[in-house]
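Residue-level listing of the chains:
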Amino acid sequence: RYQASRKRAAISAHNANVRTIEGAANMYIADNEDSDVTSEEINGGDSDPLKDYLQDPPVVPKGTGDSNVKEKEGEFYTVTIDKGEITVIPEKVSDE
């Protein structure tokens, strides 16, 4: 039970992080005519296109049980914006 609760909490945190990054990316698009971004790490550094839109860059949580998320656990997310289409890596995870 405890392990299942931890997994659900990690998935919820991860999906919330993805939604937050998507919201920041939408604000970035609204503020920048040439808004295309090619696969940038969201780390708060100089090359981070969303540094002005996120107070603290989120880190991928551990324990979701998803293989796509597992390989980036403890690292920063990556965002790509192509013609207004936002892609966050790793993507949202189903909590089923």
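Worth saying up front: this structure is predicted, and the values here are computed from it rather than measured.

A. Examining the nonpolar core more closely. Ranked by size, the top nonpolar core spans 18 residues in total, and within it Ile21, Leu50, Val79, Ile81 and Val88 carry the most contacts. In contact with Ile21, not counting residues within four places along its chain, are Ile42, Leu50, Leu54, Pro58, Tyr77, Val79 and Val88.

B. Region of the structure containing unusual backbone geometry. Between Ile89 and Pro90 the backbone carries a cis peptide bond, its omega angle lying at -5 degrees. For Pro90, the location among the structural elements is in the segment after β3 (85–89). Positioned with a positive phi, Ser39 is a non-glycine residue whose angle comes to about 40 degrees. A relative accessible area of 49% means that Ser39 is categorised as partly exposed. Of note, the phi angle at Lys83 is positive, near 55 degrees, even though the residue is not glycine.

C. Fine view of the sheet that holds strand β2 (residues 78–82). Reading across the sheet, the 3 strands line up as β1-β2-β3 and stay open at both edges, with antiparallel pairing between neighbours. Either end of the sheet is taken by a strand with one partner, and the two such strands are β1 (37–41) and β3. Across the sheet, the mean angle separating the axes of adjacent strands is 15 degrees when strand polarity is ignored. As paired elements, β2 and β3 share 5 bridges and run antiparallel to each other. Within β3, the position partnered with Val79 by the bridge is Val88. Docked against the sheet, helix α1 (residues 2–31) engages β1, β2 and β3, running at close to 145 degrees with respect to β3.

Definitions and limits used
- Residues numbered from 1 in each chain as written.
- Predicted model: local features only at pLDDT ≥ 70, side-chain atom pairs only at ≥ 80, totals over all residues.
- Heavy atoms only, no water.
- Core = buried A, V, L, I, M, F, W, Y, C linked by side-chain atoms within 4.5 Å.
- Buried < 20%, exposed > 50% of the residue type's maximum accessible area, 1.4 Å probe, protein only.
- Contact = heavy atoms within 4.5 Å.
- Helix = DSSP H or I, 4+ residues; strand = E, 2+ residues; numbered from the N terminus.
- Pairing = 2+ DSSP bridges.
- Axes fitted to C-alpha atoms, helices over the stretch in contact; angles between N-to-C directions.

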